[in-house]
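Here are the chains, one letter per residue:
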Amino acid sequence: MDTILVTGSNGQLGSELRVLAAAFPQYNFLFVTRNEMAIDDYETVTQYFATKSIQYCINCAAYTAVDKAETDTEKAFIINGDAVGNLAKICKQYNTAFIHVSTDYVFDGTNTEPIKEEQSTHPIGVYGASKLKGEELALQNNPDTIIIRTSWVYSSFGNNFVKTMLRLMKEKESINVVSDQQGCPTYAADLAAAIMDIVKQYSIVNKQYSIFNYSNAGHITWYDFAVAIKELTGSKCIVHPISTAQYPTPAKRPAYSVLDTSKIRQTFNVEVPEWKDSLKKCLEIL
């Protein structure tokens, strides 16, 4: 029986993979949190791999505090950059397939149409730069790495935009939400299912420098997203659109980060549900 190691298993995606694991009895899953195996602790990771037989490693561990990263630069680069490179190297050493999750923040947001995988990268903040560093080191140390770039991730687990909106809509009579950043949400449960589709078909991939985009289908603004949450939950809270300039944050966000998912759909025949259908599913759980 093949073993799948999932790092960062307490996060949104890791938690969704835990739920999904029950549907894949043909695999033995190992879920590790930061406490059990911090990916930036090279010795611990090496020892872990030496004592187990691992066929697949899905790296969900990341430093995801986008604004905090602007001042906590060193830590962001260690976890999102160096640690990913080391993990890729260890996977190569132990002949373990390495699947790494990255982000739309590797792009600068100046596009006007859906972004393809081969588009040149140009991060505009520390978080994006640290994630790009991880991609580069992973491919350098292990050219068989599969990278999945995703955007606007939410889930019934962890902290995310959907859960923040639900809380604010209960607490306030009106809220302001940015309406000039375009992208597409990704329900972490859908991303988890897509990753398992890749695991099942891993042998068919042309491994050299495989980068894939995954998000739900459609494209919206954060304001549209908030309005949909309001409508689907029947909230009376008023949602006002505002500009990015009216809501300054320490880290700049890409103004446009709609990802073109045709490559992952064509290669693995994965399902890419409409963003609103997935939002409904998540809200039903919440």
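Before reading further, recall that the structure is shown in the block above.
Below: a short report on this structure. Note that residues are indexed from 1 along each chain, following the sequence as it is written. Local features in this predicted model are restricted to residues of pLDDT 70 or higher, and side-chain atom pairs are both shown and tallied only at a pLDDT of 80 or more, whereas totals for entire chains, interfaces and linings draw on every residue. Values shown for side chains rest on all heavy atoms present in the structure; no hydrogens or waters enter the calculation.

Unusually for a residue other than glycine, Asn-95 sits at a positive phi of about 55°. For the purposes of this entry, the term helix denotes a DSSP run of H or I that reaches at least four residues, the term strand denotes a run of E that reaches at least two, and both are numbered from the N terminus. Relative to the elements of secondary structure, Asn-95 occurs in the loop between helix 3 (73-93) and strand 4 (97-103). Think of it in three bands: residues with accessible area under 20% of the maximum for their type are buried, residues over 50% are exposed, and the middle band is partly exposed, with areas taken using a 1.4 Å probe on protein chains only. According to the relative accessible area criterion, Asn-95 is exposed, its value standing at 71%. Unusually for a residue other than glycine, Trp-152 sits at a positive phi of about 50°. By relative accessible area, Trp-152 is classed as buried at 9%.

For the rest of this paragraph, the subject is helix 4 (residues 126-141). Its 16 residues give helix 4 an end-to-end C-alpha distance of 22 Å, which sits within 8% of 22 Å, the value for a rise of 1.5 Å per residue. All of the buried residues along helix 4 are Val-126, Tyr-127, Gly-128, Ser-130, Lys-131, Leu-132, Gly-134, Glu-135, Leu-137, Ala-138 and Leu-139. The span one expects for a helix is its residue count, reduced by one, times 1.5 Å.

With that settled, consider helix 5 (residues 161-171). Within an α-helix, residues lying three or four positions from one another point in the same direction, as the helix has 3.6 residues per turn. All of the buried residues along helix 5 are Phe-161, Val-162, Met-165, Leu-166, Leu-168 and Met-169. Whether two residues touch is decided by their heavy atoms; if any such pair falls within 4.5 Å, the residues are in contact. Elements in contact with the buried residues of helix 5: strand 6 (153-154), strand 7 (174-178), helix 7 (222-233), strand 12 (238-242) and helix 9 (275-285). Polar contact is defined as a pair of N or O atoms within 3.5 Å, subject to the rule that within protein one atom must be able to donate a hydrogen and the other to accept it, and that residues adjacent in sequence are counted only when both atoms are side-chain atoms. Near the N-terminus of helix 5, the side chain that reaches the backbone nitrogen of Val-162, with its oxygen 3.2 Å away, is that of Asn-160.

Glancing now at the pattern of salt bridges. Salt bridge, as used here: a side-chain nitrogen of Lys or Arg that lies within 4 Å of a carboxyl oxygen of Asp or Glu. Summed over all chains, the structure comprises 5 salt bridges. With its nearest N and O atoms 3.5 Å apart, the salt bridge here joins Asp-197 to Lys-200. Here Asp-197 and its partner Lys-200 are both found in helix 6 (residues 188-200), 3 residues apart, which amounts to about one turn of the helix. Assessed through its relative accessible area of 18%, Asp-197 is described here as buried. Of the residues examined, Lys-200 reaches a relative accessible area of 45% and is grouped as partly exposed.

Our next topic: the packing of helix 3 against helix 4. Axis separation between helix 3 and helix 4 bottoms out at 8 Å; the angle between their running directions is 15°. In this view, helix 3 runs roughly parallel relative to helix 4, as classed from their interaxial angle. Of the two possible hands of crossing, helix 3 and helix 4 adopt the one that is right-handed. Facing Thr-73, Ala-76, Phe-77, Asn-80, Gly-81, Asp-82, Val-84, Gly-85, Asn-86, Ala-88, Lys-89 and Lys-92 of helix 3, the residues of helix 4 in contact are Val-126, Tyr-127, Ala-129, Ser-130, Lys-131, Lys-133, Gly-134, Leu-137, Ala-138 and Asn-141. Nonpolar residues are Ala, Val, Leu, Ile, Met, Phe, Trp, Tyr, Cys and Pro. Charged residues are Asp, Glu, Lys and Arg, and all others, Gly as well, are polar. Residues of the contact of helix 3 with helix 4, tallied by class, amount to 9 nonpolar, 8 polar and 5 charged. Convention adopted: a line fitted to C-alpha atoms gives each axis, helices being fitted over their contacting stretch, and angles between N-to-C directions are expressed from 0 to 180 degrees. Convention used here: angles under 35 degrees read as roughly parallel, angles over 145 as roughly antiparallel, angles from 65 to 115 as roughly perpendicular, and any remaining angle as oblique. Two helices that cross are described as forming a left-handed crossing if the nearer one is turned anticlockwise from the farther one by less than a right angle, and a right-handed crossing if clockwise.

The 6 strands lie next to each other as 2-1-3-4-5-10, forming an open sheet whose pairing is parallel. Each edge of the open sheet carries a strand with a single partner, namely strand 2 (27-31) and strand 10 (210-214). Across the sheet, the mean angle separating the axes of adjacent strands is 20° when strand polarity is ignored. Strands were regarded as paired on the criterion that DSSP finds at least two bridges between them. Where strand 4 meets strand 5 (residues 146-150), 5 bridges bridge the pair, whose relative direction is parallel. The residue of strand 5 that forms the bridge with Val-101 is Ile-148. Each of strand 1 (2-7), strand 2, strand 3 (56-59) and strand 4 touches helix 1 (residues 12-21); the most contacted strand, strand 2, lies at about 150° to it. Running at roughly 160° to strand 4, helix 4 makes contact with strand 4, strand 5 and strand 10 of the sheet.

Attention now goes to the pairing of strand 10. If a strand is regular, its side chains alternate between the two faces of the sheet. The element strand 10 is largely enclosed, with a buried count of 5 among its 5 residues. Side chains of strand 10 alternate between two faces, with Ser-210, Phe-212 and Tyr-214 and Ile-211 and Asn-213 buried alike. Bridge count for strand 5 against strand 10 is 5 bridges, and the pairing is parallel. Bridged to Ile-146 within strand 10 is Ser-210.

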